[in-house]
Amino acid sequence: SAHFSFSALFHLHRSSVKETLPDHVRTAITDACSDAGVSLIEVVVRGQARQLVLDVIIDTPTGIDHDHCRAVSRGIDARLENDPFADRLRAVDVS
């Protein structure tokens, strides 16, 4: 499980249809971050219906690099493989 000294922020951009991030998706993201050795700063859900984009914002005390982003992205993909919510995602952007 993830151990953070602060609460990660999860919020949704306003759209005509209010989207919620299921708890198991939040857990998948926080676990992927923990496994990659990064802190989860924020998750933003954009879009609606089957065109959702997740913006996953991460950091470490020394900054992040492409390897961190790739590790988190792959961790999220692996955890959400065959998950119905993943079918609704157009993209997961980690930065």
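Above this note sits the structure.
A short tour of the structure in this document, coming up. (Residues numbered from 1 in each chain as written. Predicted model: local features only at pLDDT ≥ 70, side-chain atom pairs only at ≥ 80, totals over all residues. Heavy atoms only, no water.)

Let's shift gears to helix α1 (residues 23-36). Since the α-helix advances by 3.6 residues per turn, residues separated by three or four positions end up pointing in the same direction. A rise of 1.5 Å per residue sets the reference length of α1, with its 14 residues, at 20 Å; its end C-alpha atoms lie 20 Å apart and thus fit the reference within 8%. Every buried residue of α1 is listed here: V25, A28, I29, T30, A32 and C33. Where α1 terminates, the next one or two residues include G37, which has phi positive at roughly 75°. (Helix = DSSP H or I, 4+ residues; strand = E, 2+ residues; numbered from the N terminus. Expected span 1.5 Å × (residues − 1). Buried < 20%, exposed > 50% of the residue type's maximum accessible area, 1.4 Å probe, protein only.)

As a further point, take unusual backbone geometry. If you check the backbone angles, N82 has positive phi at about 65° while not being a glycine. Mapped onto the elements, N82 comes out in the loop between α2 (66-79) and β4 (89-94).

Here α2 contains 14 residues, and its C-alpha end-to-end distance of 20 Å stays within 8% of the 20 Å for a straight helix at 1.5 Å per residue. Those residues of α2 lying buried are C69, V72, S73, G75 and I76. For α2, the arc enclosing every buried residue in end-on projection is 160°, short of the 170-degree limit, so these residues lie on one face. What points out from α2, more than 90 degrees from its buried face, is the exposed set H66, R74 and A78. Those residues of α2 hidden inside the fold are in contact with α1, β3 (52-59) and β4. The N-cap of α2, judged by a side-chain oxygen 3.0 Å from the amide nitrogen of D67 a few residues on, is D65. (Arc of directions from axis to C-beta. Contact = heavy atoms within 4.5 Å. Polar contact = N/O pair within 3.5 Å; in protein donor to acceptor, adjacent residues only side chain to side chain.)

Further remarks concern the nonpolar core. Grouped together as the largest cluster of nonpolar side chains are 21 residues, with contacts concentrated most on L21, I29, L54, V56, I58 and V72. For this core, the secondary structure elements donating two or more residues are α1, β2 (39-46), β3, α2 and β4. Setting aside anything within four residues of it in sequence, one finds I29 in contact with L21, L40, V43, L54, V56 and I76. (Core = buried A, V, L, I, M, F, W, Y, C linked by side-chain atoms within 4.5 Å.)

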